[in-house]
Amino acid sequence: MQQILNFIIRNKNFLLFLLLFGISILFTIQSHSYHRSKFINSANFVTGSIYNTANGVSAYFNLKSQNVILAEENKRLNQLLFNAYKDTSTTNLNTNVNYKLTNAEVIRNSYNAANNFLLINKGVNDSIKEDFGVTSSLGIIGIIDHISGNYATVISILNSKSRISAKLKKTSHFGSLTWNGKSPNIIQLTDVEKTAPVLVGDSIVTSGRSSIFPKNIPVGTVINKTLDATENFYSIDVKLFNDMTNIEHVYIIKNMDKTEIDSLLEAANE
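Residues numbered from 1 in each chain as written. Predicted model: local features only at pLDDT ≥ 70, side-chain atom pairs only at ≥ 80, totals over all residues. Heavy atoms only, no water.

Engineer: Can you walk me through the side chain of Thr 206 in this structure?
Structural biologist: Structurally, Thr 206 can be placed in strand 9 (residues 203–206). On the basis of relative accessibility, which here comes to 1%, the residue Thr 206 falls in the buried class. Of the polar contacts made by the side chain of Thr 206, one reaches the backbone oxygen of Pro 214; its length is 2.6 Å. Ignoring sequence-local partners within four residues, the contact set of Thr 206 consists of Ile 140, Ser 165, Ala 166, Lys 167, Phe 213, Pro 214, Lys 215, Asn 216, Ile 217 and Val 219. (Helix = DSSP H or I, 4+ residues; strand = E, 2+ residues; numbered from the N terminus. Buried < 20%, exposed > 50% of the residue type's maximum accessible area, 1.4 Å probe, protein only. Polar contact = N/O pair within 3.5 Å; in protein donor to acceptor, adjacent residues only side chain to side chain. Contact = heavy atoms within 4.5 Å.)

Engineer: In this structure, what is going on with the sheet that holds strand 8 (residues 186–193)? I would like to understand it.
Structural biologist: Sheet strands pair by backbone hydrogen bonding; their relative direction is either parallel or antiparallel. One closed barrel accounts for six strands, arranged 6-7-8-11-10-9; its pairing is antiparallel. Averaged over all adjacent pairs, the angle separating strand axes in this sheet is 40 degrees, with direction ignored. Looking at chain direction, strand 9 and strand 10 (residues 218–227) are connected through three bridges and run antiparallel. Considered in strand 10, the bridge of Ile 204 is made with Gly 220. (Pairing = 2+ DSSP bridges. Axes fitted to C-alpha atoms, helices over the stretch in contact; angles between N-to-C directions.)

Engineer: Could you clarify how one ought to interpret the pairing of strand 11 (residues 233–240) in this entry?
Structural biologist: Here strand 11 shows a clear split, with Tyr 234, Ile 236, Val 238 and Leu 240 buried on one side and none of Phe 233, Ser 235, Asp 237 and Lys 239 buried on the other. Strand direction decides the pairing type here: strand 8 and strand 11, joined by six bridges, are antiparallel. When the sheet's bridge partners are listed, Ile 186 is paired in strand 11 with Lys 239. The turn joining strand 10 and strand 11, which pair antiparallel and follow one another in sequence, is formed by five residues; a positive phi near 60 degrees is taken by Glu 231.

Engineer: What is the right way to look at the side chain of Asn 242 in this model?
Structural biologist: Residue position: Asn 242 is located in the loop between strand 11 and strand 12 (249–255). A polar atom in the side chain of Asn 242 sits 3.2 Å from the backbone oxygen of Ile 140.

Engineer: Whenever I open this one, the sheet that holds strand 12 confuses me. Can you help?
Structural biologist: With respect to topology, six strands assemble into a closed barrel ordered 1-2-5-4-3-12, the strand pairing being antiparallel. Strand-to-strand, the axes of this sheet are offset by a mean angle of 45 degrees, without reference to chain direction. Examined bridge by bridge, strand 3 (residues 133–135) and strand 4 (residues 140–147) share three bridges and lie antiparallel to one another. Residue pairing across strands places Thr 135 opposite Ile 140, the latter belonging to strand 4.

Engineer: Can you walk me through helix 5 (residues 258–269) in this structure?
Structural biologist: Every α-helix winds through 3.6 residues per turn, so residues three or four apart in the chain are directed the same way. For helix 5, with 12 residues, the first-to-last C-alpha span of 16 Å sits near the 16 Å given by 1.5 Å per residue. Summarising burial for helix 5: one of the 12 residues are buried, a small minority. (Expected span 1.5 Å × (residues − 1).)

Engineer: Even after reading the chapter, I still don't get the packing of aromatic side chains, so can you show me in this structure?
Structural biologist: Ring pairs (aromatic) are described by centroid distance and by the angle formed between their planes. Tallied over the entire structure, the rule returns zero aromatic pairs. The side chain of Arg 209 reaches across the aromatic face of Phe 174, ending 3.7 Å from its centre. (Phe/Tyr/Trp six-rings, centres within 6.5 Å; stacked < 30°, edge-to-face > 60°. Lys NZ or Arg CZ within 6 Å of the ring centre and 35° of its normal.)

Engineer: Would you explain the pattern of salt bridges in this entry?
Structural biologist: Any two side chains of opposite charge can pair, given that their charged atoms come close. Using the criterion set out here, one finds one salt bridge in the structure. Where Lys 170 meets Asp 202, a salt bridge forms, and the shortest distance between an N and an O atom there is 2.9 Å. Of the two residues, Lys 170 sits in the loop between strand 6 (164–168) and strand 7 (174–178) while Asp 202 sits in the loop between strand 8 and strand 9, which places them 32 residues apart along the sequence. Take Lys 170: its relative accessible area is 46%, and that puts it in the partly exposed class. By relative accessible area, Asp 202 is classed as buried at 12%. (Salt bridge = Lys/Arg side-chain N within 4 Å of Asp/Glu carboxyl O.)

Engineer: Would you explain the environment of Glu 260 in this entry?
Structural biologist: Position of Glu 260 among the secondary structure elements: in helix 5. When the C-alpha atoms of Glu 260 and Ser 211 are compared, they prove to be 9.7 Å apart, with 49 residues separating the residues in sequence.

Engineer: Could you clarify how one ought to interpret unusual backbone geometry in this entry?
Structural biologist: Note: most residues except glycine have negative phi, and most peptide bonds are trans. Positive phi, normally seen in glycine, also occurs at Asp 131, with a value near 70 degrees. When you line up the elements, Asp 131 lands in the loop between strand 2 (115–120) and strand 3. In the Ramachandran plot, Asp 191 falls in the positive-phi region, its phi being about 60 degrees despite a non-glycine side chain. By the element assignment, Asp 191 lies in strand 8.

And the structure:
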């Protein structure tokens, strides 16, 4: 306290000047509308800048929670979309739901090997099983291969063992998605009938011919086509919508009717 008093005594003239200067500015602002408007505008600019900076800092530290909210919203919308294809006669898209989605984060992602895989942070404890499909907001990622309590590995579409049914979006011509091991941005759609009207720029989507993926999940666009050795089928190069080198959030797809469908198909093949 004594130090504060000593400071005031030492600087009494300067502090008195500041007080009188402040009072004079206050009187000037109150008595002249022009000066008052300038002061208010300046004050608004300063406070606006402070609030904007504070909001930016707050938003930065809030990114993780916002990402979680967006992932949940995307999951809900994708689930509605997947199930819209089953029953188009009703406006209630929650009726008779076939597919349920679960959010997951990618912990590890390989894309330089011949047989690439991803590691995600969901497993048996989250009701995840083998052969569940995995997708992102942009398109398919792969299929669950092995699972533990809290984790699962996903066979990437960039894997020489991967075989996923896909088709031309504009027709019903379908084939198998494979990967030749070259570019992580390009995969191949093989065994497509040469009568198919394939054009560069056409969209490729999942066919829905398996119990793993719903139909019409985006895959990519046609960039090239060639006839195979028999000259009866096309091999089509497809540029992926997904950047497989930069995958962070994914959705695990559970077909609620998968067991029933697989049992029927198995019985039919016996």
